[in-house]
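Structural overview for review
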Amino acid sequence: MHNYFDTYVVLAVLLLLGAAIVGGALAANRLLRPHRPTVEKLTTYECGVDPVGEGWAHSYVRYYVFAYLYVVFAVDAVFLFPWATVFSAPGYGATTLGEMFVFLAFLAAGLAYAGKKGVLSWV
């Protein structure tokens, strides 16, 4: 008969083994790589352009809004797949259909709000 804590010993051994493999790979990389820093290598760059001016740059808020809208509609897809599998189960059809229409109504209200605020104008 196995002890309850035997499974934790196996987990600890696997975690230590994984940490040893990662640590060994990083150590081998540090030992085997060439290390010749120059001024050009140590300067920061963005997309191959030399840094000019201050380090602050303007970014538009609408890019964050686009990302937020993407996340909202990606969550929609996460809920649609389980809904499709439960919908075919006996006894859950009408309830599941009603719940999904409520969920889609919330998404439609969010999309209408975003459209009214002008977020969806791609200019």
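Residues numbered from 1 in each chain as written. Predicted model: local features only at pLDDT ≥ 70, side-chain atom pairs only at ≥ 80, totals over all residues. Heavy atoms only, no water.

Looking now at the overall build of the protein chain. A tally of regular secondary structure across the protein chain gives four helices and zero strands. Its helices and strands in sequence order give the protein chain the pattern α-α-α-α, from N to C terminus. Counting only residues that meet the buried cut, the protein chain has 6% of its 123 residues in that class. Approximately 11300 Å² of the protein chain is accessible, and the part contributed by carbon and sulfur atoms is 72%. (Helix = DSSP H or I, 4+ residues; strand = E, 2+ residues; numbered from the N terminus. Buried < 20%, exposed > 50% of the residue type's maximum accessible area, 1.4 Å probe, protein only. Areas by Shrake-Rupley, 256 points an atom, 1.4 Å probe, with all protein chains shown as cover.)

Bringing the environment of Leu104 into the picture now. Within the secondary structure layout, Leu104 lies in helix α4 (residues 93–116). Judged by its relative accessible area of 34%, Leu104 is partly exposed. Considered as a pair, Leu104 and Leu80 are 24 residues apart in the sequence and their alpha carbons are 9.8 Å apart.

All right, on to the packing of aromatic side chains then. Using the criterion set out here, one finds one aromatic pair in the structure. For the ring pair Phe5 and Tyr8, a centre distance of 6.2 Å and an interplane angle of 40° mean the geometry is tilted. (Phe/Tyr/Trp six-rings, centres within 6.5 Å; stacked < 30°, edge-to-face > 60°.)

This part covers the UniProt feature "transmembrane region" (unreviewed entry) in the protein chain. Following the UniProt record, the feature "transmembrane region" (unreviewed entry) maps to residues 63–84 and 96–115 here. Helix makes up 100% of residues 63–84 and strand 0%, and the two end C-alpha atoms of the span are 32 Å apart. In this annotation, residues 96–115 is assigned 100% helix and 0% strand; the end-to-end C-alpha distance for the span is 28 Å. (UniProt positions renumbered as here; feature names shortened; annotations may be inferred.)

Taken together, the side chains of Tyr4, Phe5, Tyr8, Leu11 and Leu15 make up a nonpolar region of the molecular surface, amounting to roughly 590 Å² of accessible area. For Tyr8, the location among the structural elements is in helix α1 (residues 6–32). Among the residues examined, Tyr8 registers a relative accessible area of 44% and is labelled partly exposed. (Patch = residues over 30% accessible without salt bridge, like charges linked within 9 Å, V, L, I, M, F, W, Y side chains within 5 Å. Salt bridge = Lys/Arg side-chain N within 4 Å of Asp/Glu carboxyl O.)

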